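Per-entry structural report
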Amino acid sequence: MKSMTEMQKEVDTFIGQFNTGYFSPLANLARLTEEVGELSREINHLYGEKKKKDIEDANTIKAELGDNLFVLLCIANSLDIDMTESFNETMDKYNKRDKNRYD
């Protein structure tokens, strides 16, 4: 399994092969919004009332989650944010704030 740091480095290596480099944070946010929509569509097809049309391509929730992660890592890298640190800070926040919130 790759660590988050390794994933960020792999994304950076991939993006680094192109002259354009990372898209702007705003463009990547638009990409992320698009990817979240695609994830929503897949979840709706599988668990909701709106089933997929016979002519629609087969996608998976797993694939859409991967696409979302890729764009998140692009945003993090372009803004020089360590996602391991970000995740750890978020988990610390949830562990403190929500520790007695749910049964």
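Residues numbered from 1 in each chain as written. Predicted model: local features only at pLDDT ≥ 70, side-chain atom pairs only at ≥ 80, totals over all residues. Heavy atoms only, no water.

**Describing the overall build of the protein chain**
Under the convention used in this document: A run of H or I in DSSP counts as a helix once it spans at least four residues, and a run of E counts as a strand once it spans at least two, with each numbered from the N terminus. Whether a residue is buried, partly exposed or exposed follows from its accessible area with a 1.4 Å probe, protein chains only, as a fraction of its type maximum: under 20%, in between, or over 50%, in that order. Note on definitions: a residue-residue contact is assigned when non-hydrogen atoms from the two residues lie within 4.5 Å. To measure how exposed things are, a 1.4 Å probe is used in the Shrake-Rupley method; for residues, cover is taken only from the protein chains shown. The positive count covers Lys and Arg only, the negative count covers Asp and Glu only, and His and the chain ends enter neither. Where a charge lies is defined by one atom per residue type, namely NZ (Lys), CZ (Arg), CG (Asp) and CD (Glu).
Of the regular secondary structure elements, the protein chain holds four helices and zero strands. When the helices and strands of the protein chain are listed from N to C terminus, the series reads α-α-α-α. If one aligns the C-alpha atoms of the protein chain with their principal axes, the spans along those axes are about 50 × 40 × 30 Å. Across the 103 residues of the protein chain, 19% fall into the buried class. Long-range contacts, defined here as pairs at least 24 residues apart, represent 65% of the contacts in the protein chain between residues at least 6 apart. As displayed, the protein chain offers around 8100 Å² of accessible surface, 56% of which is attributable to carbon and sulfur atoms. Of the charged side chains in the protein chain, 14 are positive and 20 negative; the average position of the first set lies 5 Å away from that of the second.

**With respect to the packing of helix 2 (residues 25–47) against helix 3 (residues 61–78)**
Operational definition: Geometry is summarised by axes, namely lines fitted to C-alpha atoms with helices restricted to the contacting stretch, and by angles between N-to-C directions that run from 0 to 180 degrees. An angle counts as roughly parallel when it lies under 35 degrees, as roughly antiparallel when it exceeds 145, as roughly perpendicular when it falls between 65 and 115, and as oblique in every other case. Definitions for this section: a left-handed crossing has its near helix turned counterclockwise from the far helix by less than a right angle. A right-handed crossing has that turn clockwise. Three categories are distinguished: nonpolar for Ala, Val, Leu, Ile, Met, Phe, Trp, Tyr, Cys and Pro, charged for Asp, Glu, Lys and Arg, and polar for the others, with Gly belonging to the last.
Relative orientation of the contacting elements helix 2 and helix 3 amounts to 165 degrees, with a least axis distance of 9 Å. By the angle between their directions, the pair helix 2 and helix 3 is classed as roughly antiparallel. Every pair of crossing elements has a handedness; the one defined by helix 2 and helix 3 is left-handed. Looking at the contact of helix 2 with helix 3 residue by residue, the class counts come to 15 nonpolar, three polar and six charged.

**So, the pattern of salt bridges**
To be explicit about the condition: We count a salt bridge whenever a side-chain nitrogen from Lys or Arg sits within 4 Å of a carboxyl oxygen from Asp or Glu.
For the structure on display, the rule yields four salt bridges. A salt bridge links Lys2 to Glu10; the nearest nitrogen and oxygen atoms lie 2.4 Å apart. Judged by its relative accessible area of 44%, Glu10 is partly exposed. In this structure, the salt-bridge partner of Asp98 is Arg101, at a minimum N-O distance of 3.3 Å. Overall, the relative accessible area of 13% leaves Asp98 in the buried class.

**As for unusual backbone geometry**
The residue Asp80 is not glycine, and still its phi comes out positive at about 55 degrees. On the secondary structure map, Asp80 appears in the loop between helix 3 and helix 4 (83–97). For Asp80, a relative accessible area of 72% translates into the label exposed.

**Overview of a nonpolar patch on the surface**
To keep things clear, this is the line we draw: The patch calculation keeps residues exceeding 30% relative accessible area without a salt bridge and links them within 9 Å when they carry like charges or within 5 Å when they are nonpolar (Val, Leu, Ile, Met, Phe, Trp, Tyr).
A surface patch of nonpolar side chains, about 340 Å² in accessible area, is lined by Ile43, Leu46 and Tyr47. With respect to the helices and strands, the residue Tyr47 is situated in helix 2.

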